[in-house]
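# Structural characterization, general
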Amino acid sequence: MSALSLLSGVLMTVAVTPTFAAAWLGVPLPEVRQQQRSERFEQKFPSLGVAPAGVPMAAQDDRYTHIRGEDLMLTVSDIVAISAQSKADGNTLWGRISGGPYERMTAEYIEQQFKAAGLQGVAIETFPRAPQPWPVSWDVRLIADAVYGADTRDHPFALAFPSSDEHSTPPEGIEAELVYVGLGTAADLAGRNLKGKIAVVHSVLQQSTFSHTAVGVPARLEKAGAIGVLTVMEVPGAVQLKPFGLHCENIPCFTLNQDDGRFLEEVIAKTASSKPARMRLALKTEAKTGWSAQNVLGFIPGSSDDAVVLTAHMDSFFYGASDNATGIANLLALARHFNRKGAPKPRRSMWFVGTSGHHVHDKTDGSYSNGVVNFMQRHAGVMDKTVFVFNAEHPGAQHTVAQRELVTGEPWATTNSLENPMLVAVSNRSPALLSTLVDAIQRYQIPVISHSNHYPVGDAIPFHAAGVPVVNLITSGTWYHSSGDTPETLSAPGLERFTRSMASFLEAADALPREVLEKDARSLKRKPAAQ
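Residues numbered from 1 in each chain as written. Predicted model: local features only at pLDDT ≥ 70, side-chain atom pairs only at ≥ 80, totals over all residues. Heavy atoms only, no water.

Moving on to the overall build of the chain. A tally of regular secondary structure across the chain gives 14 helices and 17 strands. A compact globule built from 531 residues would reach a C-alpha radius of gyration of about 24 Å, and the chain, at 24 Å, matches this within 12%. Judged by the C-alpha coordinates and their principal axes, the chain covers about 80 × 50 × 45 Å. Per-residue burial over the chain gives 55% buried out of 531 residues. Across the chain, contacts joining residues at least 24 apart in sequence account for 80% of those joining residues at least 6 apart. (Helix = DSSP H or I, 4+ residues; strand = E, 2+ residues; numbered from the N terminus. Rg over C-alpha atoms; globule rule 2.2 N^0.38 Å. Buried < 20%, exposed > 50% of the residue type's maximum accessible area, 1.4 Å probe, protein only. Contact = heavy atoms within 4.5 Å.)

The structure is reproduced here in structure tokens:
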């Protein structure tokens with residue numbers, strides 16, 4: 001997919017509204033900038049016409065040609081359609097939210113696919129989940145004043161999104177002066193008085209919206225006396241964002257995309273010498289209680305007592321194409337591959353599990369990924385026989401770079417012909433597992449980060465905490481946890497290469513005896529599943 005097609009799918013979604021020549025001291029509104037950028041982009045950055053990287057071998061040398069990118073993308077589209085229905089139904093927190101009806105629809109979809117693939121023991125297992133904080137309504141509004149220009153009007157940020165959704169403001173909201181704190185470092189805050197003010201912090205992506213410079217900053221700004229926080233994420237276009245690490249305890253906190261944030265930052269700068277800009281924040285929240293989440297599972301029996309468990313989480317914010325519809329598509333394709341007609345019986349039983357609760361934080365015990373915890377508790381016998389867990393999250397997302405044009409500072413998003421590089425972890429550092437995995441990665445030229453501490457993340461964390469060896473591949477990118485995470489930002493050939501690569505790895509690992517896989521591996525202390 002070209003950068004231009006990506007931008008046309010994500011950055012051209014807001015219609016231009018009438019502007020006032022004398023408004024906001026001449027600072028262009030975000031939608032005006034978006035329109036101008038879309039008109040200039042094709043002229044300044046014409047596509048090279050380079051296709052996404054495909055399988056780097058001839059078809060006759062590839063034993064996995066039945067795993068096709070177009071089939072994987074059909075699965076992704078089916079799952080994303082469930083999230084789109086959530087949005088169409090008017091949900092303010094939309095997507096496949098854990099324990100909600102749309103995640104249940106996803107579980108039922110996977111259940112049907114497992115049955116069609118001929119898996120045994122296919123079932124949906126429900127369990128109670130912690131209350132879900134739910135933003136009912138909100139308003140993020142820059143307050144107009146005639147000193148900013150006769151035509152200045154209040155500016156509502158329609159794409160602002162709550163980064164904390166547990167505490168409501170008074171019905172009338174709160175209004176206060178804005179204070180810009182840069183990146184929110186200690187140097188930025190030195191000598192600043194935040195008490196009674198709404199802080200605006202800028203966050204720079206460090207590869208993705210998972211790893212960014214504002215992680216933990218809103219909580220520090222709250223402790224410093226801010227009564228509200230706006231985090232400007234360097235993600236261009238008409239998107240909403242709910243990234244990692246922006247939680248506030250008792251004050252309203254929101255995210256803004258880069259276009260909205262650039263407008264706000266320029267208004268703060270231009271109004272500083274006349275009358276400092278003010279903002280009104282209103283947020284109404286509630287807790288969804290009594291919800292039940294669910295895992296969905298099935299298995300292929302092996303010729304020994306040993307087992308391998310493959311997992312992919314079902315829940316998502318927004319469309320969730322790469323997070324984690326591609327992971328589910330990979331899981332289903334592997335189930336079909338290993339149970340296809342004529343496929344040899346695996347040495348180890350293979351359990352395929354779609355998990356719930358990846359994004360749920362249970363404050364009673366501090367845990368995440370309660371679907372994984374529930375599976376381990378219900379299937380302690382399987383876990384006792386598990387040689388390793390295989391967990392892949394967010395594969396196949398085309399590598400997108402959010403950047404600024406050098407001369408004008410205009411934000412752009414461009415793609416390249418490869419996918420986001422994946423973090424690789426083999427938690428027990430088994431030489432046999434690691435070399436087998438690296439061979440498969442190199443054969444299909446999967447982009448990976450070249451160093452690893454082998455600490456698994458995502459849904460793999462509870463398995464690792466229980467002492468179960470984990471093979472974990474995960475990535476996140478520019479559109480992570482945003483409404484820009486759509487199928488248009490994926491690489492079908494990249495997802496195809498990844499799934500073929502993992503089929504190759506799992507087959508090669510299955511052929512190795514357990515004692516080979518455990519030779520010279522680090523000893524992990526297994527804990528009872530109930531813990």
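What follows covers the sheet that holds strand E16 (residues 423–426). Sheet architecture is open: 7 strands sit in the order E1-E10-E12-E11-E13-E17-E16, paired in mixed fashion. In this open sheet, the two strands that pair with only one neighbour each are strand E1 (120–128) and E16. When strand polarity is set aside, the average angle formed by the axes of neighbouring strands in this sheet is 15 degrees. As judged from the 5 bridges shared by strand E11 (residues 307–313) and strand E13 (residues 386–393), these two strands associate in the parallel manner. Each bridged residue has a counterpart across the sheet, and for Ala-307 the counterpart in E13 is Thr-386. Across the sheet, helix H8 (residues 321–338) lies against strand E10 (292–300), E11, strand E12 (349–355) and E13, angled at about 145 degrees from E11, the strand it touches most. Packed on one face of the sheet, helix H13 (residues 492–510) meets E11, E13 and strand E17 (470–474) and runs near 175 degrees to E13. (Pairing = 2+ DSSP bridges. Axes fitted to C-alpha atoms, helices over the stretch in contact; angles between N-to-C directions.)

Take a nonpolar patch on the surface next. On the surface, a nonpolar cluster with roughly 250 Å² of combined accessible area is contributed by Phe-210, Val-215 and Phe-244. As for its position among the elements, Phe-210 is in the loop between strand E6 (198–203) and helix H6 (217–223). (Patch = residues over 30% accessible without salt bridge, like charges linked within 9 Å, V, L, I, M, F, W, Y side chains within 5 Å. Areas by Shrake-Rupley, 256 points an atom, 1.4 Å probe, with all protein chains shown as cover. Salt bridge = Lys/Arg side-chain N within 4 Å of Asp/Glu carboxyl O.)

One key point about sheets: their strands pair by backbone hydrogen bonds, in either a parallel or an antiparallel sense. Here we have 8 strands laid out as an open sheet, ordered E3-E2-E9-E5-E6-E7-E8-E4, and mixed in their pairing. Of all strands in the sheet, those with a lone pairing partner are strand E3 (155–156) and strand E4 (161–162), marking the two edges. The sheet contact formed by strand E2 (residues 132–142) and strand E9 (residues 278–288) spans 10 bridges and is antiparallel. Opposite Trp-138, over in E9, you have Leu-283 as the bridge partner.

With that out of the way, let us pick up the nonpolar core. Note that soluble globular proteins tend to have their nonpolar side chains buried in a common cluster. Ranked by internal contacts, the top residues of the largest apolar core, which has 67 residues, are Phe-114, Phe-352, Phe-388, Phe-390, Leu-473 and Phe-505. Here this core takes 10 residues from H8, the largest share from any one element. Discounting chain neighbours no more than four positions away, the residues touching Phe-505 are Phe-388, Phe-390, Leu-433, Thr-436, Leu-437, Ala-440 and Val-471. Counting 27 residues, the second-largest nonpolar core is a separate cluster that includes Leu-29, Leu-142, Leu-178 and Ile-198. (Core = buried A, V, L, I, M, F, W, Y, C linked by side-chain atoms within 4.5 Å.)

Scanning the model with the defined rule gives 20 salt bridges in all. Residue Glu-266 pairs with Arg-262 through a salt bridge whose shortest N-O separation is 3.3 Å. Of the two residues, Glu-266 and Arg-262 both sit in helix H7 (residues 258–271), 4 residues apart, roughly one turn of that helix. Assessed through its relative accessible area of 11%, Arg-262 is described here as buried. Among the ionic pairs, Lys-288 bridges to Glu-286, the shortest N-O distance being 3.1 Å. Within the structure, one salt-bridge network assembled from shared partners comprises Arg-33, Arg-262 and Glu-266.

Okay, unusual backbone geometry next. With an omega of 10 degrees, the peptide bond between Asp-323 and Asn-324 qualifies as cis. With respect to the helices, strands and loops of the structure, Asn-324 is situated in helix H8. Non-glycine residue Leu-25 carries a positive phi angle of around 55 degrees. In this structure, Leu-25 sits in the loop between helix H1 (3–10) and helix H2 (30–44). Look at Leu-25 and you get partly exposed, because its relative accessible area is 31%. Residue Asp-520 is not a glycine yet carries a positive backbone phi of 60 degrees. Secondary-structure assignment places Asp-520 in the segment after helix H14 (514–518). Residue class for Asp-520 comes out exposed when judged on its relative accessible area of 64%.

All right, on to helix H9 (residues 370–378) then. What H9 keeps buried is the set Asn-370, Gly-371, Val-372, Asn-374, Phe-375 and Met-376. Where H9 is buried, its residues touch E1, E10, E11, E12, helix H10 (380–384) and helix H12 (460–465).

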